[in-house]
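# Structural overview
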Amino acid sequence: MKIIVATPILYDPTSPFNHLFRDILQGFLDAGHSVTRIAAVEKGGQKEYRLGIDHPEMEYIEVQRKKTQKQSVIKRYLADNLTNIKMAWKIWRAKKGDVLFEDVSYSSIWSVWAARARRIRVVSMIQDVWPDNAVESGLLSRGSMVYRFFDCIQKKVYRKSEKIICISDDIKAFIASKGVPADRIDVIYNWGYQDDLIKIDWNENKFVQKYRLSPDLFYAVYAGNIGKMQNVDLIVDAARRLKDQKHIRFLIVGGGVRRDEIEEKINRDECSNVTMLPMQPSELATHIYSMADVNLIPLVKGGIKTALPSKTGVCLSCGRPIVACVDADALFAKAVLAEGAGYVVEPDDSKGLSDLLLRLAEKDREESCEGAYGCFQRLFRRKDNVDKYVKAIAKGK
């Protein structure tokens, strides 16, 4: 089978999705398919976007795209629109193609239209739900004309896709609420770096060594993007309540559009128990999640129906419990509790978070993480989930 893969988003070396996408592409190739990847690249850009895949059945076609600031929705849309039009032209001119595997972005409709015009089947992958994620993060209003325009376009993408793959049951339910038949939507969770338990001894942990962390403290860790969708304010509010608990330390590791704002809040609230650190190299990710007593996954209220951080599977693969700061009625929240993978706190409940961390700090480190790796094995295994992608591509699956 000839698979055309369209990726209109520029390669970001810090993205937690890189290893996932590499595994998906390699899975297609290992299954005996040939792949043409149409990728957005900056002018004069390097070849890192190829993710180290060098295979005789892998073809690369580059489409130039300018880098835009994440804060500007309009500029990002225009750049994405132009990129997808270029990709649509490449798809239209492709000599052969059986299926388009589309990484859905703002304006994927162009690529989807071109594929359908060529009678190429479409399988769409959704990592987050645009434009609803912009609504949940406060960038757009659900009643605005801009929202209605984008929502109409995305619904066309859904309707023209033979299969839609999303990364959580909450996202599936939300997309189905837009009129997409549930049997056309597959849920495949984002996995970790490997399927075996990652266990890194404290004395051998490179992140611990880099920042000379003490084994005598309880660490609540958030590592990732500090943007509008991530509810990092909740962490700072909980830290403020625990300022007198000298044995509890908060680490906020990462960067993003709200980093400076969060840092100002920490200083204003005199939270000396919070340490902010810059985004770390991807090879340190498992070291960060392994040293944490708990890994915090905070989303804005309602955000869980449009997104699920890719790091979730990596955290669980390290055998560490998570604290999902999401709506308590979310399907993901219920799964975390049912699997014994961690704890759930409402996105606006800083007291609930501080009280929970205070209780956990009194527990034995190993006592608090019994179900984390078991949950990973059931939902987040790389081999199982890559196989699901390969099956989803096959006609009629």
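Read on for an overview of the structure. Note that the coordinates shown come from a computational prediction; the quantities given were computed from them, not determined experimentally.

## Quick look at the overall build of the chain
- Within the chain, the secondary structure is distributed over 15 helices and 13 strands.
- Burial status across the chain gives 57% buried among its 397 residues.
- Long-range pairs, those at least 24 residues apart, make up 70% of the contacts in the chain with a sequence separation of at least 6.
- Split by element, the accessible area of the chain, about 17800 Å² in all, is 49% carbon and sulfur.
- Each charge class in the chain was averaged separately, 62 positive and 52 negative side chains, and the resulting centres sit 8 Å apart.

## Quick word on the pattern of salt bridges
- Under the defined criterion, the tally for this structure stands at 26 salt bridges.
- For R22, the salt bridge is made with D23, and the minimal N-O distance between the two is 3.8 Å.
- A residue is classified by how much of its surface remains accessible, and D23, at 11% relative accessible area, is buried.
- One salt bridge connects R381 with D195, and the closest N-O pair in it is separated by 3.6 Å. Taken together, the residues span a long stretch of sequence, with R381 in the loop between α14 (372-379) and α15 (382-393) and D195 in the loop between β7 (185-187) and α7 (206-211) at a distance of 186 residues.
- Accessibility expressed as a relative area gives 21% for R381, which makes it partly exposed.
- Look at D195 and you get buried, because its relative accessible area is 13%.

## Comments concerning the pairing of strand β9 (residues 248-253)
- Burial of β9 is extensive: five of the six residues sit out of reach of the surface.
- Two strands pair when backbone bridges link them, and strand β8 (residues 218-223) and β9 are joined in this way by six bridges, in the parallel orientation. By the bridge assignment, A220 is partnered in β9 with F250.
- Handedness of the crossover is the feature at issue here: the chain leaves β8, passes through helix α8 (residues 232-241), returns alongside β9, and the resulting connection is right-handed.
- Across four bridges, the pairing between β9 and strand β10 (residues 274-277) is parallel. In the sheet register, F250 faces β10, and the bridge partner there is V274.
- Each parallel crossover has a hand, and for β9 linked through helix α9 (residues 259-268) to β10 it is right-handed.

## A few points about the packing of helix α3 (residues 109-117) against helix α5 (residues 145-160)
- Across the interface, α3 lies against α5 with an axial gap of 10 Å and an inter-helix angle of 30°. In this view, α3 runs roughly parallel relative to α5, as classed from their interaxial angle. Classified by chirality, the crossing of α5 by α3 is left-handed. Touching I109, V112, W113 and R116 of α3 are I153, K156, V157 and K160, all from α5.
- Within the contact of α3 with α5, the residues separate by chemical class into five nonpolar, no polar and three charged.

## Re unusual backbone geometry
- Note that the residue after W130, namely P131, is joined by a cis bond; omega there is 5°.
- By the secondary structure assignment, P131 is in the loop between β5 (121-126) and α4 (132-136).
- The phi angle at R119 is positive, at roughly 60°, despite the residue not being glycine.
- Here R119 shows up in the loop between α3 and β5.

## Topic: empty space enclosed by the protein
- Inspection of the entire model under this criterion finds one cavity of 30 Å³ or more.
- Considering only enclosed or pocket space, the largest cavity measures out at about 40 Å³ in volume.
- Together, T312, L316, I322, F332, A335, V336, C375, L379 and F380 line the largest cavity.
- Ranked by residues supplied to the lining of the largest cavity, first place goes to helix α12 (residues 331-339) with three residues.
- For the lining of the largest cavity, the residue count by class is eight nonpolar, one polar and no charged.

## Remarks on the packing of aromatic side chains
- Here the structure, examined in full by the defined rule, presents 15 aromatic pairs.
- Clustering of aromatic rings is evident, with ring pairs tying together Y77, Y106, W130, F149 and F150.

## Re α12
- All of the buried residues in α12 are F332, A333 and V336. Mapping the buried residues of α12 onto a view down its axis gives an arc of 105°, with all of them on the same face.
- Those residues of α12 hidden inside the fold are in contact with α6 (169-176), α11 (311-317), β12 (322-325) and β13 (342-345).
- Remark: G340 follows α12 within two positions and exhibits a positive phi of approximately 70°.

## Structural notes on the side chain of D195
- At a separation of 2.6 Å, a polar atom in the side chain of D195 contacts the main-chain amide nitrogen of R382.
- Filtering out sequence-adjacent residues up to four positions away, D195 remains in contact with Y373, F376, Q377, R381, R382 and K383.

## Notes on the pairing of β8
- Across the six residues that make up β8, a large majority, six, are buried.
- In terms of strand pairing, β8 meets strand β11 (residues 294-298) through two bridges, oriented parallel. Note on β11: the bridge partner recorded for V221 is N295.

The rules behind these values
- Residues numbered from 1 in each chain as written.
- Predicted model: local features only at pLDDT ≥ 70, side-chain atom pairs only at ≥ 80, totals over all residues.
- Heavy atoms only, no water.
- Helix = DSSP H or I, 4+ residues; strand = E, 2+ residues; numbered from the N terminus.
- Buried < 20%, exposed > 50% of the residue type's maximum accessible area, 1.4 Å probe, protein only.
- Contact = heavy atoms within 4.5 Å.
- Areas by Shrake-Rupley, 256 points an atom, 1.4 Å probe, with all protein chains shown as cover.
- Lys, Arg positive; Asp, Glu negative; His and termini not counted.
- Charge placed at Lys NZ, Arg CZ, Asp CG, Glu CD.
- Salt bridge = Lys/Arg side-chain N within 4 Å of Asp/Glu carboxyl O.
- Pairing = 2+ DSSP bridges.
- Right-handed = clockwise from strand over helix to strand, strands pointing away.
- Axes fitted to C-alpha atoms, helices over the stretch in contact; angles between N-to-C directions.
- Parallel < 35°, antiparallel > 145°, perpendicular 65-115°, else oblique.
- Left-handed = near helix turned anticlockwise from the far one by under 90°.
- Nonpolar A, V, L, I, M, F, W, Y, C, P; charged D, E, K, R; others polar.
- 1 Å grid on protein atoms, 1.4 Å probe; cavity = no way out; pocket = protein on both sides within 12 Å on 5 of 7 lines; lining within 4 Å.
- Points joined across faces, edges and corners; volume = space filled by probe spheres on them.
- Phe/Tyr/Trp six-rings, centres within 6.5 Å; stacked < 30°, edge-to-face > 60°.
- Arc of directions from axis to C-beta.
- Polar contact = N/O pair within 3.5 Å; in protein donor to acceptor, adjacent residues only side chain to side chain.

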